[in-house]
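Examination of the molecular architecture
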Amino acid sequence: MQRKIALIGNPNSGKSTLFNALTGLNQRTGNFPGVTVDKKTANVTKTIDKRDFEFRYIDLPGTYSLYPKSPDEEVATQILTEKSNKEFPDTVVIVADATSLKRSLFLAGQIIDLNIPCVLVLNMMDEAEKSGLQIDIGRLSNRLGIPVLPVSARNKEGIEQLEILLSTHGDLPAYRFIDASAIAKNATDLVKTEFKDRTEDYVALYRANRLYATNEKWQEKLDAVGFSPTAAQAEESLTRYGIIAQHIEACTRTGTGRSAFAKKIDAIITHKVWGYLIFLFIMLIVFQTIFYLAEYPMTWIENGFAWIQEWCARVMPEGMLTDLFINGILAGLSGVVVFVPQIALLFFFIAMLEDSGYMARVSFIMDKLMRKIGLHGRSVIPLISGMACAVPAIMGTRTISNWKERIITIMVTPLMSCSARLPVYALLISLVIPDKIVGGIFNLQGLVLMGMYLLGFLMAILSAWILHLLIKGKGRSWFVMELPIYRIPKWSNVFYLIYEKVKVFLFDAGKVILAVSIVLWVLASFGPGQEFKDVEGGITYWQDELDKVNVLDETVRTGGPLDIQWTIDSTYRISVEDQIRDLQSKKLELSYAGRLGKFIEPAIEPLGYDWKIGISLITSLAAREVFVGTMATIYGAGDDENIEPVRDRMRNEKDPETGKPVYTLAVGLSLMVFYAFAMQCISTIAVVKRETQSWKWPIIQFVFMGALAWICSFITYQILS
Amino acid sequence: MKNDNLASLIPGEKAIIDSFTDPELSVKLLEMGCTPGEEVTLEKVAPFGDPIAVNVAGYTLSLRLSEAATVKILRVGNAN
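Rules and cut-offs
- Residues numbered from 1 in each chain as written.
- Chains lettered and ligands numbered in written order.
- Predicted model: local features only at pLDDT ≥ 70, side-chain atom pairs only at ≥ 80, totals over all residues.
- Helix = DSSP H or I, 4+ residues; strand = E, 2+ residues; numbered from the N terminus.
- Buried ≥ 20, exposed ≤ 12 C-beta atoms within 10 Å, placed from the backbone.
- Contact = placed C-beta atoms within 7 Å.
- pLDDT = per-residue confidence, 0-100.
- Nonpolar A, V, L, I, M, F, W, Y, C, P; charged D, E, K, R; others polar.
- Pairing = 2+ DSSP bridges.
- Expected span 1.5 Å × (residues − 1).
- Axes fitted to C-alpha atoms, helices over the stretch in contact; angles between N-to-C directions.
- Core = buried A, V, L, I, M, F, W, Y, C linked by C-beta atoms within 7 Å.

1. Regarding the overall build of chain A
A tally of regular secondary structure across chain A gives 32 helices and 12 strands. Counting only residues that meet the buried cut, chain A has 44% of its 721 residues in that class. Pairs at least 24 residues apart make up 72% of the contacts formed inside chain A by residues separated by at least 6 positions.

2. Some remarks on the confidence of the model for chain B
Here chain B shows a mean pLDDT of 87. Residues at 70 or above account for 91%. Per the prediction output, this complex has pTM 0.82; the corresponding ipTM is 0.91.

3. As for the interface of chain A and chain B
Opposite the 28 residues of chain A that make contact, chain B presents 27 residues. For the side of chain A that touches chain B, the secondary-structure elements that each account for two or more residues are α3 (101-113), α10 (229-251), α16 (358-371) and β12 (481-483) of chain A. Ranked by residue count, the leading element in the side of chain A that touches chain B is α10(A), at 6 residues. Residues of the side of chain A that touches chain B, tallied by class, amount to 12 nonpolar, 8 polar and 8 charged. Relative to strand β5 (residues 59-63) of chain B, β12(A) runs antiparallel, the two sharing 3 bridges. Residue pairing across strands places A:Leu483 opposite B:Thr60, the latter belonging to β5(B).

4. Digging into helix α15 (residues 340-356) of chain A
Residues and elements named next belong to chain A. Its 17 residues give α15 an end-to-end C-alpha distance of 24 Å, which sits within 8% of 24 Å, the value for a rise of 1.5 Å per residue. Across the 17 residues that make up α15, a large majority, 13, are buried. Looking one or two residues beyond α15, the residue adopting positive phi is Gly357, at roughly 95°.

5. Examining the sheet that holds strand β1 (residues 2-9) of chain A
Residues and elements named next belong to chain A. As summarised here, the arrangement of the 7 strands in space is β2-β3-β4-β1-β5-β6-β8, forming an open sheet in which the pairing is mixed. Each of the sheet's edge strands pairs with one partner strand only, and the pair in question is β2 (27-31) and β8 (148-150). On average, adjacent strands in this sheet sit at an angle of 25° to one another, irrespective of strand direction. Taken together, the 5 bridges between β1 and strand β5 (residues 91-97) define a ladder with parallel strand orientation. The partner of Leu7 across the bridge, within β5, is Val93. The strands that helix α5 (residues 137-144) touches are β6 (118-123) and β8; relative to β8, the one it contacts most, it runs at about 150°.

6. Description of the nonpolar core
The tendency in soluble globular proteins is for nonpolar side chains to be buried side by side. All names here are of chain A. Membership of the largest hydrophobic core comes to 215 residues, with the highest contact counts inside it found for Ile94, Leu120, Val121, Leu205, Ala208 and Phe677. No other element matches helix α22 (residues 491-525), which puts 10 residues into this core. Leaving out residues up to four positions away in the same chain, Leu120 has contacts with Ile94, Ala96, Ala108, Leu144, Ile146 and Val148.

See below:
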């Protein structure tokens, strides 16, 4: 038989750890409809006492109360208070942090008063006992009228007992915390006469509060009987804490409280000098790891895919479908999977920082600075991670609970110069910036590169400030939050977070990325008209010729018999290779992407760009670094691993009309500014879509960043030329 | 006893929560255990003076100065 179990608890109560302990790898992450809140569920089959049970667990967002203060908390409310909801549980597991029992009992009291079958799990009992706190569990259970079970989710203690309890327990609580009719009798009477399905006073009071917030007609009706939700909720909280104090008094003996050691750590971590230095140091490690360490597995993935592509090219029959599979689908998949190391590494750090309690301290010391530009203390980690890659950074914005602050962070993070821009900058800087020393010690090229990073950062800050003035907030921005006690991060929690984020990225954002990659492949490999076909035919001819040359050379080298006169002639080989490169360049020019490049030429001419650059701007949508490869193809420079040949060809490129070099300082800088600001990354677009649950924000972002890029490049070009 | 608000405490100073001036915020604070009569201690102040962290109901709560200013307190220990 199936039993639906919902887990609810305060933030930092160890609810996720318990959920992980109960469900392991069975968990699935989805989204609650309409809000960007992770919906974690898991179906687990357990044999208890020779009977099979199918548990369906759902992990509800952490909350202090059933009166929602944010869209996240709204979700928990809907599931627990509407019996018609398909997730309405058979039993609720209230996860309480035993070291903070008073606050946990507040939420427990609301659930008990709503008359929902529930059990109270006292998590972190070991920690509570260490601090000298003693809880008389039997007495507490008697007083609350529900089962109370001590567990340590971290050490997996008490999990089995909990499962046994959950397999049978479905009793309604035998106790009420408060007399709800005493708080707002007029309102509860009114609600009870309209809704006859439930007779409990607290259900009526709760409904009155909810109806007031969500239904205008009811708001009028309730106003008429003198009902005020804030007053009623305040009164309820006071009454509740009054009762809780009695329970605590009767069931616990208090301990010593927080350790002096934790206070010392806190003093350093939030210190006005050390605090920022430690933060800077940690961010440096995070940044370096995503930037450099991720490089290794990323290269393995790329090489691995390249190997598979080569292998497929050898064994599969030649033709369009093979080409689609190899250069469209496999290349697209490679472009998706290549992000996994960066995502895994960033979430490794985020999980560690969050679990240890450090993240809350970062918010604490950064909040005042970030607030000035409309961001939250929690925006700082995504923003800095954006310097490595915007994709994991945007996925990391879920920890920002205020909608407006979260949207602004998502909108400006892609302006930070990410690692994909580096090859573009490297090529253009070596092309237009002289390699010389200025001011005695500084390399000019290095200074310009640093300037590009700074430019992205400043634009992100400026845009945040502008968006802060433009976007209207939903709900107030709070900073009222708990600074949790320090804990050693739990490896399994870290692992589950990484697992979940990677899975979500691959299956949610991956689809969009793959689709766009295929479209881009079609644009670059097909073209209209006979001319395109002729060029394709030419490539095939010369490719065959090159194959023949290879075979003959090999035969000569190994001393095999030849039926024609042949000596290894390197100049012939080179001329064949040149032919192929020239034709490939011609093919790209005649393809749909090439036509599109020419089509947009009038729009990019004021920025100093020709249609060749136009093609690169289009193909760069797959990823910014594709710019280098496209330039190499266009200029027939072949090998895109090495930037020197393509740089030299670009340097020699002359304007057909004026005869002057195309890549002047003005064009080079204008192009760099364009790459700094434009949203040329479908992976980011896909992730923004997934994280905001609509196409609205990625479209706004695309247009906004495109306009910004165009205007700034225009100004750069016009001033310098 | 002097009537004052939570934003005016100095680190280490203790006080008793008296009342709230922002009803919407008070609902949240009450739910989190900041009830009138509860003792609060200012634990620390973030660099640049804002936000602050107080010890209340057995845990550490951080809040912005503007939020703390809506909490009326009764100072302990320096009764006139």
